[in-house]
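Descriptive analysis of the structure
For reference, the chains in residue letters:
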Amino acid sequence: MEIVHTPVLLNECLNYLSPVGESFEKDAFMIDSTLGEGGHSFNFLSKYPNLKILGLDADSNIQSRAKERLAPFGDRMSFYNGWFNDFYTNYSEERKPDLILFDLGISVYHYERSGRGFSFRHDEELDMRLNPSAGESAEDLVNTMDEESLANMIYLYSDEKYSRRISRAICEARENSRIKSTKELADIIYNAVPGNYRHEKIHPATRTFQALRIQVNSELKRLPQALHAAFNVLNPGGKLGVITFHSLEDRIVKNYFRNLGKQCICPPTEAKCCCEGHACAEVLTRKPVEPGEEEIRMNSPSRSAKLRVVRKICDASDKRLLYVEAM
């Protein structure tokens, strides 16, 4: 089977989330919350022969590729098809995990092979759903959102400075006919922006496509509760690692991990501590771990990746989420 996606920060993940030490049993249990084609899981299973992994993915198509790739590991590998926030909120496995990994990047497979319009390099249906059987598609959004809401969404999720011009152009174009393909949308955006903006390093449609993908899959809305539920599922002494690729994702992870590491999270106006009064986790990465020059050269999608890791001390109450901005 041809592997399309290269796992990012692989060596860093293998080291920070290594299932070794007094707090781990010989047969440690890990959950790969974003399995994709199984790159991280394949390498963890190869390096740590006593490790078992459960792999989650909302996309059954890419999960079938991972099943084929990971078949040689037999019953050391198991699978769950669904969203990670639902899985952790309703956790039903007999055993709690010792290790949890989230890789929040979109697999290269989705851009190159899924046929669902994640990229405008190919003229495809404007879908962008990781689970193609649920929720609104990108086509639905660009054809139904009002101009102001569309502009605000594009700006919020991509920091696109011409979001209002792009939104206006989309709304004008859909008055003539429904926008159905990636090429249609990319051309509308290209013609909406100033001439000099069309010739910058990235295509002028890149940020808008990113914003639509985030909105379609509720990526930022799912994240805070998923992190919190996953942390509480983790065994004490276990480690939780998250790889982000977007500044808004990283802010959510950074703030939540920071709260876990604080002894007190009460606001200054509180005269007396009313939270747990102790840290719930040890933050193992005071600064995010980023790829080196060699990895960026060999795998350019890794350039914006950041890894953050905590080690669990005890469960955290919902108050640890109070100051984490859910998008």
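Higher on the page you've got the structure.
Residues numbered from 1 in each chain as written. Predicted model: local features only at pLDDT ≥ 70, side-chain atom pairs only at ≥ 80, totals over all residues. Heavy atoms only, no water.

Concerning the overall build of the protein chain
As a reminder of what qualifies: Starting at the N terminus, helices and strands are each numbered in turn, a helix being any DSSP run of H or I of at least four residues and a strand any DSSP run of E of at least two. Accessibility here uses a 1.4 Å probe with only protein chains present; expressed as a share of the type maximum, an area under 20% marks a residue as buried, one over 50% as exposed, and anything in between as partly exposed. Throughout, a contact is declared for two residues whenever any of their heavy atoms are within 4.5 Å. Note on areas: Shrake-Rupley, 1.4 Å probe, and residue coverage restricted to the protein chains presented here. Charged-residue counts in this description rest on Lys and Arg as positive and Asp and Glu as negative, His and the chain ends being excluded. A single reference atom marks each charge: NZ on Lys, CZ on Arg, CG on Asp, CD on Glu.
Broken down by element type, the protein chain carries 13 helices and 7 strands. Each principal axis of the C-alpha distribution contributes one length, and for the protein chain these read about 65 × 60 × 40 Å. With 327 residues in all, the protein chain has 53% of them scored as buried. Considering only contacts within the protein chain whose residues lie at least 6 apart along the sequence, 72% involve residues at least 24 apart. Only carbon and sulfur atoms are counted for the fraction: they give 46% of the accessible area of the protein chain, which is about 15500 Å². Side-chain charges in the protein chain split into 43 positive and 47 negative, and the spacing between the mean points of these groups amounts to 4 Å.

Some details on the packing of helix H7 (residues 147–158) against helix H8 (residues 163–174)
For clarity, the cut-off: Here, axes are lines fitted to C-alpha atoms. For helices the fit covers the stretch in contact, and angles between N-to-C directions go from 0 to 180 degrees. Angle categories: roughly parallel below 35 degrees, roughly antiparallel above 145, roughly perpendicular from 65 to 115, and oblique for all the rest. Left-handed is the label given to a crossing in which the near helix is rotated counterclockwise from the far helix by less than a right angle, and right-handed is the label when the rotation is clockwise. Lys, Arg, Asp and Glu make up the charged group, whereas Ala, Val, Leu, Ile, Met, Phe, Trp, Tyr, Cys and Pro make up the nonpolar group; the residues left over, Gly among them, are polar.
The geometry of H7 relative to H8 is characterised by a closest axis approach of 8 Å and an angle of 135° between their N-to-C directions. Between H7 and H8, the angle falls in the class oblique. For the element pair H7 and H8, the recorded crossing hand is right-handed. The residues of H8 that touch H7, namely those facing Glu147, Glu148, Leu150, Ala151, Asn152, Ile154 and Tyr155, are Ser163, Arg164, Ile166, Ser167, Arg168, Ile170 and Cys171. Partitioned by chemical class, the residues of the contact of H7 with H8 number 7 nonpolar, 3 polar and 4 charged.

Some points on the nonpolar core
To keep it simple, the criterion reads: Each nonpolar core is a collection of buried residues, namely Ala, Val, Leu, Ile, Met, Phe, Trp, Tyr and Cys, held together in the definition by side-chain atoms within 4.5 Å.
The biggest cluster of nonpolar side chains holds 66 residues, and the ones touching the most others in it are Ile31, Tyr88, Phe102, Leu185, Phe231, Leu240 and Leu260. Considering every element that reaches this core, the biggest residue donor is helix H11 (residues 219–233), with 8 residues. With residues up to four places along the chain from it excluded, the contact list for Leu185 reads Leu126, Val142, Ile170, Ile179, Phe209 and Leu212. Formed by 25 residues, the second largest nonpolar core is a distinct cluster that contains Val8, Ala28, Leu70 and Val309.

Here we look at the side chain of Asn299
Counting through the fold element by element, Asn299 comes out in the loop between helix H13 (293–298) and strand S7 (306–312). A relative accessible area of 12% means that Asn299 is categorised as buried. Among residues more than four places away in sequence, those in contact with Asn299 are Thr6 and Val8.

As for the packing of aromatic side chains
Inclusion rule: What counts as a ring pair is set by centres within 6.5 Å for rings of Phe, Tyr and Trp (its six-membered ring), and what kind of pair is set by the plane angle: stacked under 30 degrees, edge-to-face over 60, tilted for all other angles.
Enumeration according to the criterion identifies 11 aromatic pairs in this entry. Between Phe42 and Phe73, the ring centres sit 5.5 Å apart and the planes meet at 80°, which makes this aromatic pair edge-to-face. Of this pair, Phe42 sits in helix H2 (residues 39–47) while Phe73 sits in the loop between helix H3 (60–70) and strand S3 (77–81), and the two are 31 residues apart along the sequence. With a relative accessible area of 15%, Phe73 lands in the buried category.

Things to note about unusual backbone geometry
Even without glycine at this site, Leu9 takes up a positive phi of about 45°. Using a relative accessible area of 0% as the deciding quantity, one classes Leu9 as buried. A positive phi angle, close to 50°, is found at Ser218, a residue other than glycine. Following the sequence through the fold, Ser218 ends up in the loop between helix H10 (206–216) and H11. Judged by relative accessible area, which is 24%, Ser218 ranks as partly exposed.

A look at the pattern of salt bridges
What counts, and what does not: What counts as a salt bridge is simple: a side-chain nitrogen of Lys or Arg found within 4 Å of a carboxyl oxygen of Asp or Glu.
Following the criterion strictly, the structure yields 15 salt bridges and no others. For Asp140, the salt bridge identified is with Arg178, shortest N-O distance 3.3 Å. Here Asp140, found in helix H6 (residues 138–144), pairs with Arg178, found in the loop between H8 and helix H9 (182–192); they are 38 residues apart in sequence, far enough to count as distant. The partner of Asp187 in a salt bridge is Lys183, and the shortest N-O contact between them spans 2.9 Å. Of this pair, Asp187 and Lys183 both sit in helix H9, 4 residues apart, which is roughly one turn of the helix. The exposure class of Lys183 is partly exposed, given its relative accessible area of 44%. One connected set of salt bridges, linked through shared partners, spans Asp27, Arg95 and Asp98.

The values reported here are purely geometric and, on their own, carry no functional implication.
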